[in-house]
Amino acid sequence: MKNNIEGILLEYDSISNLNIAIDKISKNNYEDWEVYSPFPIHGIEKKMNLKPSKLPWIVFFFALIGAILGIFLILWSSVYELPLNIGGKPLFSIPAFFPVVFEIVILFSAISCVFGLFFLCNLPCYNLNLFNYESFNRVTDDRFFIFLKTSIKNDNFEEFKKISENTKALKILYIES
């Protein structure tokens, strides 16, 4: 049975029971688990000991690429390709070209944010085994779920069962892979 199990799904009816379960699971230093809720829960990322997101670094990197590309585009077009001396002004004037560079930075930031979020969240995910279970449909209505993945790092299945039975869960489902 252990080889076919992808994880354990725990169902809760209240946020207080969910918080108790999150505290118990966090104390055991599990790394591969998720919480599903019908609404955002403030401070849950601290309770789950989640690492900070890499998304701001991805957006910053692509914004920097956008700024460099924008400056290069303006420099190439106004200084090398078509230099026009209008009223004795310099060919490359930063105040005049700042709006163009700013818009390119915003464009690259927005696009990298969308695609970076898709990449970091492993989207699109067309079929998740949790969707095959009828009780999981209530996650968008009034139920809270914790999914403990049985991975290589957390391979002690009996420990999973022991913790899941001590968390006041309404249902304990074993998700098959």
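Note that the coordinates shown come from a computational prediction; the quantities given were computed from them, not determined experimentally.

Peer 1: Account for the pairing of strand β1 (residues 5-12), with residues named and values stated.
Peer 2: Among the eight residues in β1, seven count as buried, and that is most of the element. One ladder, built from six bridges, connects β1 with strand β4 (residues 171-176); its direction is antiparallel. What sits directly across from L10, in β4, is I172. As judged from the six bridges shared by β1 and strand β3 (residues 144-149), these two strands associate in the antiparallel manner. Looking at the pairing, L10 lines up with I146 of β3.

Peer 1: Explain the confidence of the model for the protein chain residue by residue, including any values.
Peer 2: When pLDDT is averaged along the protein chain, the result is 88, and 94% of the positions lie at 70 or above. Least confident of the elements in the protein chain is helix α5 (residues 157-165), whose mean pLDDT is 73; most confident is helix α3 (residues 55-81), at 95.

Peer 1: Any details on the packing of α3 against helix α4 (residues 94-120)? Residues and values, ideally.
Peer 2: With their axes 7 Å apart at the nearest point, α3 and α4 run at an angle of 145° to one another. The element α3 and its partner α4 pack so that their crossing is right-handed. Of the residues assigned to the contact of α3 with α4, the class counts are 20 nonpolar, six polar and no charged.

Reading guide: rules and limits
Residues numbered from 1 in each chain as written. Predicted model: local features only at pLDDT ≥ 70, side-chain atom pairs only at ≥ 80, totals over all residues. Heavy atoms only, no water. Buried < 20%, exposed > 50% of the residue type's maximum accessible area, 1.4 Å probe, protein only. Helix = DSSP H or I, 4+ residues; strand = E, 2+ residues; numbered from the N terminus. Pairing = 2+ DSSP bridges. pLDDT = per-residue confidence, 0-100. Axes fitted to C-alpha atoms, helices over the stretch in contact; angles between N-to-C directions. Left-handed = near helix turned anticlockwise from the far one by under 90°. Nonpolar A, V, L, I, M, F, W, Y, C, P; charged D, E, K, R; others polar.

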